[in-house]
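Next come the chains, spelled out residue by residue.
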Amino acid sequence: MNKMALILGAVLAAALFSCSKSDEISIEEAEAMAGGGVDEMVAKTTAKPYKGQDFVSGKLGGTWNSVMIQDPKSFNLLIAETDSQTAGVTDMMLDYLVDYDRVKREWIPHGASFEIIADEAADKLDVIYTLRDDLYWTWYNSDRKIKVTSDDIVFWYNEIRGDPECQSSGYYQQFLTMEDGSDAHIEIEKIDDRRFVFHFPRIVAEPLLATNMDIAPRINYEEAKKNGGAQGVMDIFSVNTDPKNIPSCGQWYLVEYIPGQRLVYKRNPNYWEKDSNNVSIPYYEEEVVRIIPDENTRFLLFKQGETESWGLRPEDMDELLNKPNPDYTVYNNDGALSASFWAFNQNPVNAKTPQYSWFVQKEFRQAMSSLLNRDRIINQVYRGLASPKLYFFPETNRYFDEKIKLAFLYDTKKAIELFSSIGIKQDEQGIMRDRENRAIEFNLTIASDNSVTNDIASIIADELSKVGIKINIRVLDFQKLVEQLTRTFDWESLIMGLSGDNTFPSQGSNVWASDGNLHLWNPNQESPATEWEARVDYLYNEGAYTVDEEKAKVIWDEFQTIILEQSPLIYLVRPKGFWALGNRWDHANVYYDNLRGAETSHIFLKQ
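Residues numbered from 1 in each chain as written. Predicted model: local features only at pLDDT ≥ 70, side-chain atom pairs only at ≥ 80, totals over all residues. Heavy atoms only, no water.

## Considering the overall build of the protein
Next up, step 1: Assigned secondary structure in the protein consists of 18 helices and 31 strands.
Next up, step 2: The C-alpha atoms of the protein give a radius of gyration of 25 Å, which matches the 25 Å a tight globule of 607 residues would have.
Next up, step 3: Oriented by its inertia axes, the alpha-carbon framework of the protein measures out at about 80 × 70 × 45 Å.
Next up, step 4: In the protein, which comprises 607 residues, the share counted as buried stands at 55%.
Next up, step 5: Taking all contacts inside the protein whose residues are at least 6 apart in sequence as the whole, residues at least 24 apart take part in 70%.
Next up, step 6: Distance between charge centres in the protein, computed from 62 positive and 94 negative side chains, equals 3 Å. (Helix = DSSP H or I, 4+ residues; strand = E, 2+ residues; numbered from the N terminus. Rg over C-alpha atoms; globule rule 2.2 N^0.38 Å. Buried < 20%, exposed > 50% of the residue type's maximum accessible area, 1.4 Å probe, protein only. Contact = heavy atoms within 4.5 Å. Lys, Arg positive; Asp, Glu negative; His and termini not counted. Charge placed at Lys NZ, Arg CZ, Asp CG, Glu CD.)

## Comments concerning helix 14 (residues 451-465)
Next up, step 1: Compared with an ideal rise of 1.5 Å per residue, which puts 15 residues at 21 Å, helix 14 spans 21 Å between its outermost C-alpha atoms and is within 8% of the ideal.
Next up, step 2: Of all the residues in helix 14, the buried ones are Val452, Thr453, Asp455, Ile456, Ala457, Ile459, Ile460, Ala461, Glu463 and Leu464.
Next up, step 3: Structurally, helix 14 contributes buried residues whose contacts are with strand 18 (341-344), helix 11 (362-370), helix 12 (374-380), strand 22 (441-447), strand 23 (470-476) and strand 24 (493-498). (Expected span 1.5 Å × (residues − 1).)

## Observations regarding the sheet that holds strand 6 (residues 124-131)
Next up, step 1: Reading across the sheet, the 4 strands line up as 5-6-12-11 and stay open at both edges, with antiparallel pairing between neighbours. Looking at strand neighbours, the two that pair on one side only are strand 5 (112-119) and strand 11 (187-190), the edges of this open sheet. This sheet shows a mean twist of 20° between the axes of neighbouring strands, independent of strand direction.
Next up, step 2: Two strands pair when backbone bridges link them, and strand 6 and strand 12 (residues 195-200) are joined in this way by 6 bridges, in the antiparallel orientation. By the bridge assignment, isoleucine 128 is partnered in strand 12 with valine 197.
Next up, step 3: Sitting on the sheet, helix 5 (residues 150-161) touches strand 6, strand 11 and strand 12, and the angle it makes with strand 11 is about 155°. (Pairing = 2+ DSSP bridges. Axes fitted to C-alpha atoms, helices over the stretch in contact; angles between N-to-C directions.)

## What to know about the packing of aromatic side chains
Next up, step 1: Scanning the model with the defined rule gives 48 aromatic pairs in all.
Next up, step 2: A ring pair is formed by tyrosine 50 and tyrosine 591, whose centres lie 5.1 Å apart and whose planes are at 65°; its orientation type is edge-to-face. Pair noted here: tyrosine 50 is in the loop between helix 2 (38-43) and strand 2 (63-68) and tyrosine 591 is in strand 29 (residues 591-593), with a separation of 541 residues, a long-range link. Tyrosine 591 carries the same exposure label as tyrosine 50, and that label is buried.
Next up, step 3: Between tyrosine 100 and phenylalanine 504, the aromatic rings sit 4.6 Å apart at their centres with planes inclined by 65°, giving edge-to-face as the arrangement. One end of the pair, tyrosine 100, is in strand 3 (residues 98-101); the other, phenylalanine 504, is in the loop between strand 24 and helix 16 (509-512), and 404 residues separate them in sequence. (Phe/Tyr/Trp six-rings, centres within 6.5 Å; stacked < 30°, edge-to-face > 60°.)

## Topic: the pattern of salt bridges
Next up, step 1: Across all of its chains, the model carries 32 salt bridges by this definition.
Next up, step 2: Two residues, lysine 190 and aspartate 193, come together in a salt bridge whose shortest N-O distance is 3.4 Å.
Next up, step 3: Put simply, glutamate 308 and arginine 584 hold a salt bridge, and the shortest N to O gap is 2.8 Å. Taken together, the residues glutamate 308 in the loop between helix 8 (295-303) and strand 16 (309-311) and arginine 584 in the loop between strand 27 (578-582) and strand 28 (585-586) connect sequence positions 276 residues apart.
Next up, step 4: The exposure class of arginine 584 is partly exposed, given its relative accessible area of 40%. (Salt bridge = Lys/Arg side-chain N within 4 Å of Asp/Glu carboxyl O.)

## Regarding the sheet that holds strand 17 (residues 328-332)
Next up, step 1: An order of 16-27-17 is seen for the 3 strands of this open sheet, with the pairing classed as antiparallel. Two strands lie at the open edges of the sheet, namely strand 16 and strand 17, each paired on one side alone. Going across the sheet, the axis of each strand differs from the next one's by a mean of 20°, ignoring polarity.
Next up, step 2: The pairing of strand 17 with strand 27 spans 5 bridges and is classified as antiparallel. Bridging across to strand 27, valine 330 finds its partner in alanine 580.
Next up, step 3: Docked against the sheet, helix 8 engages strand 16, strand 17 and strand 27, running at close to 140° with respect to strand 16.

## Brief notes about the packing of helix 11 against helix 13 (residues 412-421)
Next up, step 1: Orientation of helix 11 relative to helix 13, taken along the N-to-C sense of each, is 165°, at an axis distance of 8 Å. Overall, the two elements helix 11 and helix 13 adopt an arrangement that is roughly antiparallel. The crossing of helix 11 and helix 13 is left-handed. Residues Glu363, Phe364, Gln366, Ala367, Met368 and Ser370 of helix 11 pack against Thr412, Lys414, Ala415, Leu418, Phe419 and Ser421 of helix 13.
Next up, step 2: Considered class by class, the residues forming the contact of helix 11 with helix 13 number 6 nonpolar, 4 polar and 2 charged. (Parallel < 35°, antiparallel > 145°, perpendicular 65-115°, else oblique. Left-handed = near helix turned anticlockwise from the far one by under 90°. Nonpolar A, V, L, I, M, F, W, Y, C, P; charged D, E, K, R; others polar.)

## Details of the pairing of strand 11
Next up, step 1: Strand direction decides the pairing type here: strand 11 and strand 12, joined by 4 bridges, are antiparallel. Along strand 12, the bridge assignment pairs isoleucine 188 with phenylalanine 198.
Next up, step 2: Adjacent in sequence and paired antiparallel, strand 11 and strand 12 are bridged by 4 residues.

## Topic: the nonpolar core
Next up, step 1: Formed by 74 residues in total, the largest nonpolar core has its most connected members in Trp342, Phe364, Met368, Phe442, Ile469, Trp512 and Phe559.
Next up, step 2: Once residues lying within four places of it in the same chain are set aside, the contact partners of methionine 368 are Trp342, Phe344, Phe419, Phe442, Leu464, Ile469 and Ile570.
Next up, step 3: Residues Trp156, Met213, Tyr271 and Trp585 belong to the second largest nonpolar core, which totals 71 residues. (Core = buried A, V, L, I, M, F, W, Y, C linked by side-chain atoms within 4.5 Å.)

## Focus on the confidence of the model for the protein
Next up, step 1: Here the protein averages 90 in pLDDT, while 94% of its residues score no lower than 70.
Next up, step 2: Of the regions scoring below 50 in pLDDT, residues 1-35 engages in 130 contacts with residues more than four places distant in sequence or in other chains. (pLDDT = per-residue confidence, 0-100.)

## Here we look at the side chain of histidine 587
Next up, step 1: Mapped onto the elements, histidine 587 comes out in the loop between strand 28 and strand 29.
Next up, step 2: A distance of 2.6 Å separates polar atoms of two side chains, one belonging to histidine 587 and the other to tyrosine 331.
Next up, step 3: In terms of polar contacts, histidine 587 uses its side chain to reach the backbone carbonyl oxygen of glycine 582, at 3.1 Å.
Next up, step 4: Contacts of histidine 587, omitting those with residues within four sequence positions, involve Lys48, Thr329, Tyr331, Leu581 and Gly582. (Polar contact = N/O pair within 3.5 Å; in protein donor to acceptor, adjacent residues only side chain to side chain.)

## Digging into helix 18 (residues 549-566)
Next up, step 1: Between the first and last C-alpha of helix 18 there are 25 Å, a value that for 18 residues agrees with the 26 Å anticipated at 1.5 Å per step.
Next up, step 2: Every buried residue of helix 18 is listed here: Ala552, Ile555, Trp556, Asp557, Phe559, Gln560, Ile562, Ile563, Leu564 and Gln566.
Next up, step 3: The elements touched by buried residues of helix 18 are helix 11, helix 16 and helix 17 (531-544).
Next up, step 4: Measuring from the backbone nitrogen of glutamate 550 back to the side-chain oxygen at the start of helix 18 gives 3.0 Å, which picks out aspartate 548 as the cap.
Next up, step 5: Where helix 18 ends, the next residue or the one after it, serine 567, has phi of about 50°, a positive value.

See the structure below:
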């Protein structure tokens, strides 16, 4: 919970299902493919959400075997901001300041405690953090031990995040928009070795969301920057580094990396979080992560007992749920809080194209939403184990309101009416044409590494063909797709996902504000291109600075309503998640839900 900004993802992290077919099938056929109804499948799984239960004490020992899709680019924390594989490695060795309890909807101390002091008369606010006294940088197989101090936090905030040359995603989060429209910086000040304070130039609703951050080792990065500037920072801890030289304040040490094969981590016995017997978490001594690009090979490894867990695909359901005397347990959750979406390029660099003239009209986007057959996607792609995403905020957001709901659901007649209102009509051959008699035809770009998205795109193309619209599906490498979104802007429509779930309304500062670099449909605007975007900018800003929840709700209600009405992003569906865990582990401390995913932080081997 340490990022206000969102990052791109080819797909969402929730379990994604695919039948790899584009022909339309009914719910009955989908159920038959699963060897039973949806309820019957779910009945064979276990529901065990985490609701704040205490963890029982476990025993040390064992190796956790897992997989990752590809090699990390680096072991560098700055590079980890833009590379999820790198982040997966560095997160194992880091800690962070505070955590958010999604069940209780409150912030809780983690690596630091906090105190928020608001001066309403002056409209200013301070957040004072106090680091734990038992937080250390340590190295594998070494007696070297250095205390984590305020200097680590202040250095990273000022010299890395705060230096535009480093191009950190956290740079823009350091600024607030004042009431007069000017920008002001959130300053950080060291109080002593354990305490530091963020000075906010005005009161904000979620100051911890803006200041929570990973704890990085100043001792290494400061020297790198002194010697090589921003490039020096980027160059430190490359994949050629001996991982034993990388300090850890987290739960693990990285001790081995063999490119294309595996990473090996060893448990950090100095980690501060301990159970009731004063034993540091985690309990297992080693984690081996094999690098396996192929999805079917990863599934085979789980079935052979060579990895510990597996997120089920629809094609796995029959086999895993109907196996006699399985050596694993399958858990379920209530469905992802967020969803991937369908977006249309409204960037004026494409103003001379016919597609641009269509995409900038809200009636066109509303018609597209009305042609999105979500039930067909759920039945055919997710085998009935998903639900439409009809709301902008998830249920976990305190400003979720079930009355604020998407109005443009599957309705071909409504779509044709919306087209007609902007001069787009079918000709005698049934081809949809605009006022200039141009056939409605455009590209739909998807990432190449996901069969689910390919199936969804095929359904969309089929549905639109029924009303005379042609879609050309373009499959691109994910990095190339990101380049189109952020540099060349030469895409037409696409299916994409963003990390995060909008639990906080002010998440997504780089997406919803018109000057955001991930304002996908028209990023980095110097001033809002449309009246509705100007209004969203205003509401986003006002909501972020409104502490009174009753007043804030009025603001966020209008914010949600405008986005659903304008449909710049057309959300798809929320798949239900299924996850299997081997029974050689004790499941007493294991939980699985759509708030935390798989909770295995206190897992231990059966005795």
